[in-house]
Structures are given as C-alpha cells and as structure tokens.
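An overview of the molecular structure
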Amino acid sequence: MFPSIRWRIAISYLILVAVVMGGLAAYLLRPGCSASTTCVRQTVSIASVVLLVGTAMLAFPLAARTTHPVKQLVEVMRRTAAGDWEARILPQTRDEVGELIFAFNEMIERLKQQHLAMLEENVQFTTVLNYMVDGVLITDNEGKVRLINRAAAKIFNHSAESA
C-alpha cells in the first residue's frame, strides 16, 4: 500500500495521532469537562495545535530527505546533458529514489556506450567516404548539398568544404 520510503513516516504519524487522540479522550473524560463547551473547545484546539506541530516536525525532514537526492540527480542530469558522460550519483538508500538513481546510472552507461559506438561508426563512414574513388553527393529536399566527398568535389571543381 505505502512505498517503502514512507513506512517509517506513516508509522510515526500514526503513533503521534494515537497519542494525541488518547490524550484528547483522557482529558475530555475527566469530571466536569464533558459538560463544558469551553473545556471541549480548549481541548480540541490544543490537540489541533499538537497535531499541526507534530505533522510539521515529520514533514520537513521527510521533504528534505526526499528532495536532496532528487536535486543531486537533476544536477548530474544537467552535467550529462552538457556532455559529461562520466557524471554519476551514488544511491544512498534502497528505496524508490535509490532505485531511480541506480536506473539513471545504468541508462547513462548504456547511452555512453551507444554514443561511443556512433562516433566510431561516424569516423569509419567519413574515412570510407573521403577515400572513395567515386563521387558522392547528398542533398536535402530543397536541393541543398548536405554532404560531398573529395571525388565529387573534384568532379564539380569545388572544394568539399565550400559545397
């Protein structure tokens, strides 16, 4: 029902609610309080404040604990997007955030390998294209030259760079 990262917080919150409700019940059951609306209002107000403060005490550390690794992950993502294929983040927990970080690191490793393979293929393609005896000319839909090898440039009396 609850993700593993939230069990401790959920149990802590349930204990807090049980203690406050028990205190509320004990205070309201004392003689003379159940008939007095002022006593009931004060008791409910105090219980509400205790629950609010307790909730805040549980929520802020949980938010910090959850957002810190996500912020680190975003930073590593930015570094990777900028071309740093070695950027990694170490999972510090075994919960959902840790699984996300582990999967991200695996994905970056696979992308790095694919990127290196594509670079190698590009070098091979460029080498073959440049040393072909036949002229190769590639244009786009508008007829603009996108690629020309040395042999084709020689045939058309242009340099490969100016085409």
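Scroll up to find the structure.
Everything in this summary refers to the structure shown in the same document. (Residues numbered from 1 in each chain as written. Predicted model: local features only at pLDDT ≥ 70, side-chain atom pairs only at ≥ 80, totals over all residues. Heavy atoms only, no water.)

1. Concerning the nonpolar core
Short version of the rule: Residues enter a nonpolar core if they are buried and are Ala, Val, Leu, Ile, Met, Phe, Trp, Tyr or Cys, with the set joined through side-chain atoms within 4.5 Å. Burial classification: accessible surface area is computed with a 1.4 Å probe over protein chains only, and a residue below 20% of its type maximum counts as buried, one above 50% as exposed, and the rest as partly exposed. We count a stretch as a helix when DSSP gives it H or I for four or more residues in a row; a strand needs E for two or more, and each element gets its number in order from the N terminus. We call two residues in contact when some of their heavy atoms are within 4.5 Å.
Membership of the largest hydrophobic core is limited to 8 residues, which are L73, V76, A87, I89, V97, I101, F104 and I108. When contributions to this core are tallied by element, the ones reaching two or more residues are α2 (37–81) and α3 (96–131). Not counting residues within four places of it along the chain, the set of residues in contact with I108 comprises T80, W85, A87 and R88.

2. Describing the environment of V40
Mapped onto the elements of the fold, V40 is located in helix α2. Through-space distance from the C-alpha of V40 to that of L28 is 6.7 Å; in sequence the pair is 12 residues apart.

3. Considerations on α2
Just so we agree on the cut-off: The length a helix should cover is 1.5 Å for every residue beyond the first.
Counted at 1.5 Å a residue, the expected span for α2 with its 45 residues is 66 Å, and the 63 Å between its end C-alpha atoms agrees. All of the buried residues in α2 are C39, T43, A47, G54, T66, P69, L73, V76 and T80. Within two residues after α2, G83 carries a phi angle of roughly 110 degrees, on the positive side.

4. Comments concerning the packing of aromatic side chains
To keep it simple, the criterion reads: Put simply, two rings from Phe, Tyr or Trp (the six-membered ring, in Trp's case) pair if the centres are within 6.5 Å, and we call them stacked under 30 degrees between planes, edge-to-face over 60, tilted for the rest. Counting as a charge over the ring demands two things of the Lys NZ or Arg CZ atom: a distance within 6 Å of the ring centre and an angle within 35 degrees of the ring normal.
Scanning the entire structure with this criterion turns up 0 aromatic pairs. When the ring centre of Y131 is taken as reference, the NZ or CZ atom of R150 above it lies at 5.4 Å.

5. Details of the packing of α2 against α3
The test is simple: Each axis is a line fitted through C-alpha atoms, and for a helix only the stretch in contact is used; angles between axes span 0 to 180 degrees, taken between their N-to-C directions. Just so you know how the angles are binned, under 35 degrees is roughly parallel, over 145 roughly antiparallel, 65 to 115 roughly perpendicular, and the rest oblique. Residues are sorted three ways: Asp, Glu, Lys and Arg are charged, Ala, Val, Leu, Ile, Met, Phe, Trp, Tyr, Cys and Pro are nonpolar, and all the rest, Gly among them, are polar.
For the pair α2 and α3, interaxial distance at closest approach is 11 Å and the crossing angle is 10 degrees. When the interaxial angle is binned, α2 and α3 end up roughly parallel. Contacts from P69, L73, V76, M77 and T80 of α2 reach α3 at V97, L100, I101, F104 and I108. Along the lines of polarity and charge, the residues of the contact of α2 with α3 split into 9 nonpolar, 1 polar and no charged.

6. Quick notes on the environment of D140
Threshold: The term polar contact refers here to a pair of N or O atoms within 3.5 Å; inside protein, the definition further demands a hydrogen-donor-capable atom paired with an acceptor-capable atom, and it admits residues adjacent in sequence only when both atoms are side-chain atoms.
Of note, D140 is situated in the loop between β1 (137–139) and β2 (145–148). Classification of D140 by relative accessible area gives partly exposed; the value is 22%. Separated by 73 residues in sequence, D140 and T67 have C-alpha atoms that sit 47 Å apart. Of the polar contacts made by the side chain of D140, one reaches the backbone nitrogen of K144; its length is 2.8 Å.

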